[in-house]
Amino acid sequence: MPIATPEVYNEMLDRAKAGKFAYPAINVTSSQTLHAALRGFAEAESDGIIQISTGGAEFLGGQYSKDMVTGAVALAEFAHIVAEKYPVNIALHTDHCPKDKLDGYVRPLLAISEERVKAGRNPLFQSHMWDGSAETLADNLAIAQELLARTSAAKIILEVEITPTGGEEDGVSHEINDKLYTTVDDAIRTAEALGLGDKGRYLLAASFGNVHGVYKPGNVVLRPELLKELNEGVAAKYGKSAGSQPFDFVFHGGSGSTEEEIRTALENGVVKMNIDTDTQYAFTRPVADHMFKNYDGVLKVDGEVGSKKTYDPRTWGKLAEASMAKRVVEACGHLRSAGTKIK
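Residues numbered from 1 in each chain as written. Predicted model: local features only at pLDDT ≥ 70, side-chain atom pairs only at ≥ 80, totals over all residues. Heavy atoms only, no water.

Enquirer: I'd like a rundown of helix H2 (residues 31-44), residues and numbers included.
Expert: Taking 1.5 Å as the rise per residue, H2 with 14 residues should run 20 Å; its terminal C-alpha atoms sit 20 Å apart, in good agreement. Taken residue by residue, H2 has Thr33, Leu34, Ala36, Ala37, Leu38, Gly40, Phe41, Ala42 and Ala44 as its buried positions. Those residues of H2 that are buried are in contact with strand E1 (23-27), strand E2 (48-52), helix H4 (68-82), strand E3 (90-94), helix H10 (277-293) and helix H13 (313-334). Of the residues trailing H2, Glu45 is marked for its positive phi of about 55 degrees. (Helix = DSSP H or I, 4+ residues; strand = E, 2+ residues; numbered from the N terminus. Expected span 1.5 Å × (residues − 1). Buried < 20%, exposed > 50% of the residue type's maximum accessible area, 1.4 Å probe, protein only. Contact = heavy atoms within 4.5 Å.)

Enquirer: Please set out the pattern of salt bridges residue by residue, giving values where relevant.
Expert: Taken as a whole and judged by the stated rule, the model has 16 salt bridges. Measuring nitrogen to oxygen at the nearest pair gives 3.6 Å for the salt bridge that ties Glu77 to Arg116. Linking Glu77 in helix H4 with Arg116 in helix H5 (residues 106-118), this pair joins segments that are 39 residues apart in sequence. Among the residues examined, Glu77 registers a relative accessible area of 35% and is labelled partly exposed. Residue classification places Arg116 among the buried residues on the basis of a relative accessible area of 10%. Residue Arg107 pairs with Glu146 through a salt bridge whose shortest N-O separation is 2.8 Å. Of this pair, Arg107 sits in helix H5 while Glu146 is found in helix H6 (residues 137-153), placing the two residues 39 residues apart along the sequence. Owing to a relative accessible area of 30%, Glu146 belongs among the partly exposed residues under this scheme. (Salt bridge = Lys/Arg side-chain N within 4 Å of Asp/Glu carboxyl O.)

Enquirer: Pulling in residues and values, what's your account of the packing of aromatic side chains?
Expert: The final tally for this structure, using the stated rule, is 3 aromatic pairs. Geometrically, the ring pair formed by Phe208 and Phe251 is edge-to-face, given 4.9 Å between the ring centres and 70 degrees between the ring planes. In this pair, Phe208 is assigned in the loop between strand E8 (202-205) and helix H8 (226-237) and Phe251 in strand E9 (residues 249-251), connecting sequence segments 43 residues apart. Each member of the pair, Phe208 as well as Phe251, carries the same accessibility label: buried. Arranged with centres 5.6 Å apart and planes meeting at 50 degrees, the rings of Phe247 and Phe249 form a pair that is tilted. Of the two residues, Phe247 and Phe249, neither departs from the other in class, the shared state being buried. (Phe/Tyr/Trp six-rings, centres within 6.5 Å; stacked < 30°, edge-to-face > 60°.)

Enquirer: Would you mind going over the nonpolar core in detail, with residue names and values included?
Expert: Core analysis: the biggest nonpolar cluster contains 80 residues, and Ile50, Tyr105 and Val160 have the highest contact counts within it. Judged by nonpolar contacts, the second largest core, of 16 residues, contains Ala4, Ala25, Val271 and Ile342. (Core = buried A, V, L, I, M, F, W, Y, C linked by side-chain atoms within 4.5 Å.)

Enquirer: Can you break down the pairing of E8 residue by residue, with the values?
Expert: Side chains Tyr202 and Leu204 of E8 all project onto a buried face; the interleaved residues Leu203 and Ala205 project onto the opposite face, where all are buried too. By the bridge criterion, 4 bridges tie strand E5 (residues 157-161) to E8 in an arrangement that is parallel. When the sheet's bridge partners are listed, Val160 is paired in E8 with Leu204. (Pairing = 2+ DSSP bridges.)

Enquirer: Can you explain the environment of Glu7? Please cite residues and give values.
Expert: As for its placement among the helices and strands, Glu7 is situated in helix H1 (residues 6-19). Among the residues examined, Glu7 registers a relative accessible area of 53% and is labelled exposed. It is 20 Å that separates the C-alpha atoms of Glu7 and Gly195, two residues lying 188 residues apart in sequence.

Enquirer: Would you mind going over the packing of H2 against H13 in detail, with residue names and values included?
Expert: A packed helix pair is summarised by two numbers, namely the angle formed by the two axes and the spacing between the axes. Where H2 contacts H13, the two axes come as close as 7 Å, and the packing angle between them is 45 degrees. Classified by the angle between their axes, H2 and H13 sit oblique to one another. The crossing of H2 and H13 is right-handed. Contacts between H2 and H13 involve Gln32, Thr33, His35, Ala36, Ala37, Arg39, Gly40, Phe41, Glu43 and Ala44 from the first element and Gly317, Lys318, Glu321, Ala322, Met324, Ala325, Val328, Val329 and Cys332 from the second. The class makeup of the residues in the contact of H2 with H13 is 10 nonpolar, 5 polar and 4 charged. (Axes fitted to C-alpha atoms, helices over the stretch in contact; angles between N-to-C directions. Parallel < 35°, antiparallel > 145°, perpendicular 65-115°, else oblique. Left-handed = near helix turned anticlockwise from the far one by under 90°. Nonpolar A, V, L, I, M, F, W, Y, C, P; charged D, E, K, R; others polar.)

Enquirer: Any chance you could break down the confidence of the model for the protein for me, citing the residues and the numbers?
Expert: Mean pLDDT over the protein stands at 93; residues scoring 70 or higher make up 92%. For residues 172-177, every residue scores under 50 in pLDDT, and the model assigns this stretch 16 contacts once sequence neighbours within four places are set aside. (pLDDT = per-residue confidence, 0-100.)

See the structure below:
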C-alpha cells in the first residue's frame, strides 16, 4: 500500500482510539532500518508510524553536509516508493524538534508539504512534532498555535510535548524528577490554546514519568493512570461526558516499560508509542554477534585476505533487518495493533 493519505492517517488514529490500541512509532536512520520497520509492520499485519528525529535526519543527510531537511526529504521520498510493496498503511512523522531547530527542520519541511498540497498532492509527511518541553508552557503553546495553523492547512497532524520527558535524546535532556508529570492545569491550558480538534488535530505527548533511553523495569516511576486524570479534568472543564477522552496521547520513553504499564496507557487514550532504543539494539545485536564470530573473515588477520562473503554488508545487514523487524512485531503485539490493519 502507498504511504497513508491524510484521510487514512486520521482513520488509523480514530481506530486506535476506539479500539484501545496504539501504533508503534519506529525511529529510522537509513533505508535498511526503514525496510526493517516496514517488514515488521507487514509481518504483524499492523499499520504503523515511521519517524525521523533531527539527529536521524542529520545522519541521513550525510556527514559531509549533515543537512537535516535533505536527509528527511530523501528518506521520505524513498519511503513513498518502497512502501507500496508492503501490505500495510504507513504514516511518516518527524520526531522531537526543539525550538532552536524549528527553522532548520520542521518549518522547511512544512513549506515543502504546503507546496505539494497547493499543487493538489498529499503532504510529504503526515505529522510533525514540536518539542517545546524546554520552554515555558506559555511560550511552548504560543509556538504550537502557529504551527497548528500551518499543519492543519497542509493536512498534517501536529504532535506537541507540553512537559518534559526525562533522559536524553538528540542532545535534548531533562532531569529525572517530579517535573516529569503533567498536571490537569497544564492539560487545560493546552486545550484552551490549541482547542480540542476545532483548530486542527494534534497528538499530545503528556508526561507521566517517561524517560528516554535505557532503563530496567521498575527503575523509573511511570504513572500512566495520570492520563485518565488529564482527560477527566479537561472533559469536566468543557462539559464533555464522563469517560470521554478528549486527547490523543503519545507515549514517549517507552523502552523498558512493563506490559501492565503499557496496557494502562492504552486504556487511557494513548494511540502512538515511540520506540527507538529497543529497535536500535535489536538491529545492532546480530551485527555484533556476526563480527565476533567471524572476526577472521571480516578482518584481514595476520596478512590474510579475509572473506568477502563475511564482510559484505548484505550478509550482516540481512541479519540486522530480520532482528529489528522481529522487535517491531513484538511491539505491535504489546500495543495490540497486530492484526488491525485497514483492509
